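For reference, the chains in residue letters:
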Amino acid sequence: MYIVIIGCGKTGSAVADLLSKNGEDVVVIDKNKRAFNKLSPDFTGFTINGDATEVEILLESKINKADMAIVTTEIDTVNSMVSQIAKDIYEVPKVIVKINEPDKAVIYRNTDILTISPTDLFIDELRDRLANEESEMLDEESLT
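One structure accompanies this document, and this report is about it. Bear in mind that the values here come from a model prediction, so they are computed numbers and not experimental data.

Thoughts on unusual backbone geometry
Among all residues except glycine, the phi angle is most often negative; among peptide bonds, the trans geometry is most common. For K62, which is not glycine, the phi dihedral falls at a positive 60 degrees. Looking at the element boundaries, K62 is found in the loop between α2 (55–60) and β4 (68–71). Phi at E91 is positive, roughly 55 degrees, even though this residue is not glycine. Positionally, E91 belongs in the loop between α3 (76–89) and β5 (94–98). The class for E91 is exposed, based on a relative accessible area of 63%.

Points about the pattern of salt bridges
Taken as a whole and assessed by the stated rule, the structure comprises 4 salt bridges. Across the pair D112 and K87 runs a salt bridge, and its minimum N-O distance is 3.4 Å. Pair noted here: D112 is in the loop between β5 and β6 (114–116) and K87 is in helix α3, with a separation of 25 residues, a long-range link. Owing to a relative accessible area of 57%, D112 belongs among the exposed residues under this scheme. Judged by its relative accessible area of 14%, K87 falls in the buried class.

So, a nonpolar patch on the surface
Together, F122, I123, L126 and L130 make up a nonpolar patch on the protein surface, roughly 390 Å² of accessible area in all. For L126, the location among the structural elements is in helix α4 (residues 118–143).

Let's talk about α3
For α3, built from 14 residues, the straight-helix expectation of 20 Å at 1.5 Å per residue is met to within 8% by its first-to-last C-alpha distance of 19 Å. Along α3, the residues that are buried comprise D76, N79, S80, V82, S83, I85, A86 and K87. Each element contacted by the buried residues of α3 is listed here: β1 (2–6), α2, β4 and β5. Within two residues after α3, E91 carries a phi angle of roughly 55 degrees, on the positive side.

A look at the layout of surface pockets
Considering only enclosed or pocket space, the largest pocket measures out at about 260 Å³ in volume. Considering the residues around the largest pocket, the lining is formed by 16 residues, among which G7, D30, K31, T73 and V78 are closest to the centre. Considered class by class, the residues forming the lining of the largest pocket number 6 nonpolar, 6 polar and 4 charged.

Criteria and thresholds
- Residues numbered from 1 in each chain as written.
- Predicted model: local features only at pLDDT ≥ 70, side-chain atom pairs only at ≥ 80, totals over all residues.
- Heavy atoms only, no water.
- Helix = DSSP H or I, 4+ residues; strand = E, 2+ residues; numbered from the N terminus.
- Buried < 20%, exposed > 50% of the residue type's maximum accessible area, 1.4 Å probe, protein only.
- Salt bridge = Lys/Arg side-chain N within 4 Å of Asp/Glu carboxyl O.
- Patch = residues over 30% accessible without salt bridge, like charges linked within 9 Å, V, L, I, M, F, W, Y side chains within 5 Å.
- Areas by Shrake-Rupley, 256 points an atom, 1.4 Å probe, with all protein chains shown as cover.
- Expected span 1.5 Å × (residues − 1).
- Contact = heavy atoms within 4.5 Å.
- 1 Å grid on protein atoms, 1.4 Å probe; cavity = no way out; pocket = protein on both sides within 12 Å on 5 of 7 lines; lining within 4 Å.
- Points joined across faces, edges and corners; volume = space filled by probe spheres on them.
- Nonpolar A, V, L, I, M, F, W, Y, C, P; charged D, E, K, R; others polar.

Geometric descriptors of this kind do not, in isolation, establish any biological role.
Pasting the structure below:
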């Protein structure tokens, strides 16, 4: 699979390392050249230093040939713009975007773009753990 990742922060670099380790062809774009230092020494993909909102940078990444684009910058407006360009203009079959502010999910409501919100994931995990603790406490009470 050929995957373009936009953003090489904590999330983007971890995803790039994971996909590279799994044998995928990965290109990572970030406008901060130092961000690539977050990639592990075992990363086998390519890096492009540039602004992914610029057409030339996206074309350099060969996004038009990508099977997947993963957009992980810290700026929701950039993520929205780049993910929609990937999907609508370059027809990337699968586009996944990180949403930093959960209320921004409405932007993607009628699109074929998969969204992931770290905040929502945290809340879901916390809810599950609290429910499990409550269930375990009820089980312990019924044994006594």
